Amino acid sequence: TVPLLQLDGLAKKFPVRDALGRSKGAVHAVDGVSLAVGQGEVLAIVGESGCGKSTLGRLMLNLITPDSGTVRFAGDDLATLSPKALRAKRRDMQLIFQDPFASLDPRMTVEQAVAEPLRLHRIVPRSQERARVAELLARVGLRPELARRWPHEFSGGQRQRVAIARALASEPKLIIGDEPVSALDVSVQAQVVNLLSDLIRDLGLTFVLISHDLGVVRHIADRVAVMYLGRIVEQGPAEDVLTAPKHPYTRALLAAVPGHGAKAPPIEGDVPSPIAPPPGCRFHTRCPFAEDICRTTVPELTARPHAVACHLDGRLPPTAPGPDRLAG
Ligand code: SF4
Ligand code: MG
């Protein structure tokens, strides 16, 4: 069967200018990403801030145009669709942003905010709008009487529930959540994660979770793709990637999660500038296992279900190397 979403060789650069408008090169935000997301699957894209994961999410939804590569949704190449066909597809693909304060219009009541996509995509006749809004609010755990309220009267968690109801209104097949709980109080995060995971299961949604939070990822992902400086360095079943990581970067990310048992040195150094990424393996400036080949030759992502882009191909030394072997 055709995957719901298929990315092939996607690349996107953004020009960078200094304060005087002089070109300073380009950030290769996404650099050759291929991925498939099956119907009903939850794929998490993880990595540090600046790794390109948000850009990748926007490319998936055709909110920005790739420099090269293709995005296929249910088999259709989005770049070849007419504007009309693309608008119809929009109904099937929704985005939930990190910041529920920014994503809701302060001049719209909750009812208006949730009804807008119903009207735009002609989901129900006007006479049934109010009832459908009440249903959608119930589905995200909000009482129907809240429909008349304004976003400023709501907590962050409630606002994110409204944003989720709004995303569900068009009856999408695919939802992309870009750090959907990271702006919320820690006490509220788990509730919203549980809500998302119930909705994914009950509605058979396909969900792409963009997150730096491996706790959230562990809770809902079926598959995990790890990004570093615009490239996927590891991907596979969530269980395998999160318990037996093959890439030194993934291992370091997991080691940074409190309470996680992985034995690895904490990740050393800063992410290199994406304007001038290191040659060879982009992780070599921070990798405790780097060898000469890593500085010159790009490791390709293997074709196995649990894939890795590393010259060691998962054969990592079992324990952390001594400080004399740390890169730098
Ligand atoms: Fe480290 Fe080399 Fe593997 Fe890159 S290819 S992650 S530098 S061992
Ligand atoms: Mg981001």
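Here, residues in each chain are numbered from 1, in the same order as that chain's written sequence. Note on labels: chains are lettered from A, ligands numbered from 1, in written order. Totals for whole chains, interfaces and linings use every residue, but because this is a predicted model, local features are given only for residues with pLDDT of at least 70 and side-chain atom pairs only at 80 or more, for both listing and counting.

As annotated in an unreviewed UniProt entry, the chain is ATP-binding cassette domain-containing protein from Roseomonas alba. UniProt positions are given in the numbering used here, feature names are shortened, and annotations may be inferred rather than shown by experiment. Quoted straight from UniProt, the Sequence similarities (unreviewed entry) entry for the chain says "Belongs to the ABC transporter superfamily." Its UniProt record, at the heading Subcellular location (unreviewed entry), says of the chain: "Cell inner membrane".

A. Up close: the overall build of the chain. Put simply, DSSP marks the helices as runs of H or I at least four residues long and the strands as runs of E at least two long, and each gets a number from the N terminus on. Each helix and strand in the chain was counted, giving eleven helices and eleven strands. Radius of gyration: over C-alpha atoms. The globule rule applied is 2.2 Å multiplied by the number of residues raised to the 0.38 power. Expected size for 328 residues packed as a compact globule is a radius of gyration near 20 Å; at 21 Å, the chain falls within 12% of this value. If one aligns the C-alpha atoms of the chain with their principal axes, the spans along those axes are about 70 × 50 × 45 Å.

B. Molecular detail of the packing of helix 4 (residues 110-120) against helix 5 (residues 129-139). Between N-to-C directions, angles cover 0 to 180 degrees, with each direction set by a line fitted to C-alpha atoms, over the stretch in contact for helices. As a packed pair, helix 4 and helix 5 sit with axes 10 Å apart at the nearest point and diverge in direction by 110 degrees. As judged from the angle between their axes, helix 4 and helix 5 are roughly perpendicular. When helix 4 is examined against helix 5, the residues Glu111, Val114, Ala115 and Leu118 are found in contact with a partner set consisting of Glu129, Arg132, Val133, Leu136 and Leu137. For this classification, under 35 degrees means roughly parallel, over 145 means roughly antiparallel, 65 to 115 means roughly perpendicular, and everything else is oblique. Two residues form a contact once the distance between their C-beta atoms, set from the backbone, is within 7 Å.

C. Broad picture of the pairing of strand 6 (residues 93-96). Note on burial: count the other C-beta atoms lying within 10 Å of the residue's C-beta; 20 or more is buried, 12 or fewer is exposed, in between is partly exposed, and C-beta positions come from the backbone. The side-chain alternation of strand 6 yields two buried faces, one formed by Met93 and Leu95 and the other by Gln94 and Ile96. At least two DSSP bridges between two strands are needed for those strands to be called paired. Pairing of strand 6 with strand 7 (residues 174-178), which is carried by four bridges, proceeds in the parallel orientation. Counted as the bridge partner of Ile96 is Gly177 from strand 7.

D. How the structure looks around unusual backbone geometry. Not every positive phi belongs to a glycine, and Asn62 is a case in point at roughly 60 degrees. Counting through the fold element by element, Asn62 comes out in the loop between helix 1 (53-60) and strand 4 (68-73). You will see that Asp313, though not glycine, has its phi angle at about 50 degrees, which is positive. With respect to the secondary-structure elements, Asp313 resides in the segment after strand 11 (307-308).

E. Here's a closer look at the UniProt feature "domain: ABC transporter" (unreviewed entry) in the chain. Per the UniProt record, "domain: ABC transporter" (unreviewed entry) is found at residues 5-254. Spanning residues 5-254, this segment combines 38% helix with 28% strand, and its end C-alpha atoms are found 27 Å apart.

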